[in-house]
Amino acid sequence: MRHLLTKTLFIAAVTLAAHSAQAECYADYKAKQNNPLRLHYGVAQINGTCSASQAKRELQPRLTSDGWVLLNVLSVFDSSGLAARKADAGKFFLRY
């Protein structure tokens, strides 16, 4: 019985750790609008797997809804990279 409880607690801890790690994913990207041409650099939180391909899948519809076209995802990173990018992203910091 005790072994089962220990195993259950371990699985719960691993699941919680994986979930919290997943919530700590961010991407920085470049986007544009046409007529007139406007460019922006932004930072966004990514909810799925922390990868550039997942960031593209999530960012494209978010940006498109406001008339932006995703040009590229520059990188994906955890929360330790937020502070260094905040000033550069300006009003597009965690907007999308």
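Before any of the text, the structure's been laid out above.
Residues numbered from 1 in each chain as written. Predicted model: local features only at pLDDT ≥ 70, side-chain atom pairs only at ≥ 80, totals over all residues. Heavy atoms only, no water.

Counting 14 residues, the largest nonpolar core has Tyr29, Leu59 and Leu63 as the members making the most contacts within it. Those elements giving two or more residues to this core turn out to be strand 1 (25-33), strand 2 (38-46), helix 2 (52-64) and strand 3 (69-77). By size, the runner-up hydrophobic cluster in this structure holds seven residues, among which are Val43, Phe77, Leu82 and Phe93. (Core = buried A, V, L, I, M, F, W, Y, C linked by side-chain atoms within 4.5 Å. Buried < 20%, exposed > 50% of the residue type's maximum accessible area, 1.4 Å probe, protein only. Helix = DSSP H or I, 4+ residues; strand = E, 2+ residues; numbered from the N terminus.)

Bringing a nonpolar patch on the surface into the picture now. Taken together, the side chains of Leu37, Leu39, Val69 and Leu71 present a nonpolar region at the surface, about 400 Å² in accessible area. Relative to the assigned elements, Leu37 resides in the loop between strand 1 and strand 2. (Patch = residues over 30% accessible without salt bridge, like charges linked within 9 Å, V, L, I, M, F, W, Y side chains within 5 Å. Areas by Shrake-Rupley, 256 points an atom, 1.4 Å probe, with all protein chains shown as cover. Salt bridge = Lys/Arg side-chain N within 4 Å of Asp/Glu carboxyl O.)

Strands in a sheet are paired, the pairing made by backbone hydrogen bonds, and the direction either parallel or antiparallel. Taken together, the three strands give an open sheet; going across it, the order is 2-1-3, and neighbouring strands pair in antiparallel fashion. At either end of the open sheet lies a strand with only one pairing partner, and these are strand 2 and strand 3. In this sheet, neighbouring strand axes are inclined to one another by 20 degrees on average, regardless of whether the strands run parallel or antiparallel. Pairing analysis gives seven bridges linking strand 1 to strand 3, with the strands arranged antiparallel. Residue pairing across strands places Ala31 opposite Leu70, the latter belonging to strand 3. Along the sheet face, helix 3 (residues 82-89) touches strand 1, strand 2 and strand 3 and points at about 150 degrees away from the line of strand 2. (Pairing = 2+ DSSP bridges. Axes fitted to C-alpha atoms, helices over the stretch in contact; angles between N-to-C directions. Contact = heavy atoms within 4.5 Å.)

Attention now goes to the environment of Ile46. Relative to the assigned elements, Ile46 resides in strand 2. Taking C-alpha positions, Ile46 is 9.7 Å from Phe77, a pair spaced 31 residues apart along the chain.

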